[in-house]
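Survey of secondary and tertiary structure
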Amino acid sequence: MTETRDVWVFIEQEEGESAPVSLELLGRARELAGELDGEVTALLLGHEIDGLPQQAIHYGADRVLVAEHPELELYRTMPYARVATGLVTERQPYIILLGATPIGRDLAPRIASAAGAGLTADCTELEIGDFERRGEVYKDLLYQIRPAFGGNIIATIVNPEMHPQMATVREGVLKLTDPDPARQGVIERITPHFESHDLALRVLKREIRLPSIDLKNAAVIVAGGMGVGSKESFDLIIELARVLGGEVAASRAAVDAGFVSQEHQVGQTGVTVRPRLYIACGISGAVQHRAGMDQASKIIAINTDPNAPIFEIADYRIVGDLKKVVPKMIRVYREDRVQGETA
Ligand code: FAD
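On a predicted model such as this, the values are computed, not experimentally measured, just so you know. (Residues numbered from 1 in each chain as written. Predicted model: local features only at pLDDT ≥ 70, side-chain atom pairs only at ≥ 80, totals over all residues. Heavy atoms only, no water.)

1. A look at the pairing of strand E6 (residues 95-99)
Counting buried residues in E6 gives five out of five residues, a clear majority hidden from the surface. Here E6 shows no split at all, with Ile95, Leu97 and Gly99 on one side and Ile96 and Leu98 on the other all buried. As paired strands, strand E1 (residues 7-11) and E6 are joined by three bridges and run parallel to one another. The residue of E6 that forms the bridge with valine 9 is leucine 97. Here E6 pairs with strand E11 (residues 165-169) via five bridges, running parallel. Bridge assignment links isoleucine 95 to a residue of E11, and that residue is glutamine 165. (Buried < 20%, exposed > 50% of the residue type's maximum accessible area, 1.4 Å probe, protein only. Helix = DSSP H or I, 4+ residues; strand = E, 2+ residues; numbered from the N terminus. Pairing = 2+ DSSP bridges.)

Structure (structure tokens):
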């Protein structure tokens, strides 16, 4: 079969709920497919996932390939890889996108290896463009864009020959587009077939630890870095976040120093956030930190160094000692709140 110009998105789901990154990917896939004159196909595997095919169409899919089977209820590498690689080999999509989640990172290499395809992990942007090598022009390739060499450069990676072109994309970096309930699409049901060794692994028990903080969806984030100085001083950051009704975040250096736990880390190897307000206290603004927060609507930075790189992206710059500035902010916001309550 000849290669299509279709863009596939693997829809990750858990207990009948799609992962937000899969819906983000559908919106981007829609734009890419528009440039390629191709279709968006959602690949949906699971069991009792009734509402999800329609949801995928509303978020941008033209076609949904649905494989429903009790053996696909919980993600396991072998049965999922069997179904996904079978469909990819048979239908030859042009591009396949997955979320850079634990499941996406597990499944993507399986598909790439079976299909002999190239794969770029942890992309932060995707575009369509041409590529020239030794006088030969490759048209309409997927530019797979991601930080590389410790985040010091942004690399654009292309895969001219070994298709499909595959990428996993970090959660939260692509904008979630609004669903369109009027969108129409085709739902195609697939009957999955497994080899007996695909089912060798059984899940006997699952324990789910819910994250105690929700940085990804926070509207206000107060973040502290090494400039905070100590675990004790980090109480200032926690208090400011509390007064503002926001979440607490940190740079990797602050996490490594033990000021707060790892789940608070924002950046390339932490969480990507998109709050309405991000207050960066004593954070230098290394490129790896910025990769996780530079899409905040408004950024306030507090730093003693007027040349700190964080100021390059800040909307409001406060040059000063956070140990003097943050208590003042807490006091002012508290007074504001009290006045608001008594007014
Ligand atoms: P520093 O760079 O030490 O900056 C401290 C800042 O505080 C300085 O600008 C200083 O002027 C200011 N300051 C000092 N005292 C005060 C004061 N009293 N008041 C106000 N300001 C003060 N980092 C991340 O954050 N997230 C990541 O996900 C991440 N991933 C990485 C991945 C890789 C592969 C690599 C190589 C690095 C990664 N890093 C990440 C680390 C990153 O490169 C930086 O080292 C880190 O972000 C620095 O943290 P910081 O700004 O808190 O500390």
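2. Here's the deal with the site of the ligand
The immediate surroundings of the ligand are formed by 26 residues, with Ser251, Thr269, Ser284, Gln288 and Asn303 found nearest. The separation between an oxygen atom of the ligand and a polar main-chain atom of glycine 270 is 3.4 Å. Histidine 289 places a side-chain nitrogen or oxygen 2.9 Å from an oxygen atom of the ligand. Burial of the ligand by the surrounding chains reaches 73%, relative to a free accessible area of 980 Å². Residue assignment for the shell around the ligand shows that the elements contributing at least two residues are helix H6 (252-256), helix H7 (287-290) and strand E16 (298-303). Looking at the shell around the ligand residue by residue, the classes come out as seven nonpolar, 16 polar and three charged. (Near = heavy atom within 4 Å. Polar contact = N/O pair within 3.5 Å; in protein donor to acceptor, adjacent residues only side chain to side chain. Areas by Shrake-Rupley, 256 points an atom, 1.4 Å probe, with all protein chains shown as cover. Nonpolar A, V, L, I, M, F, W, Y, C, P; charged D, E, K, R; others polar.)

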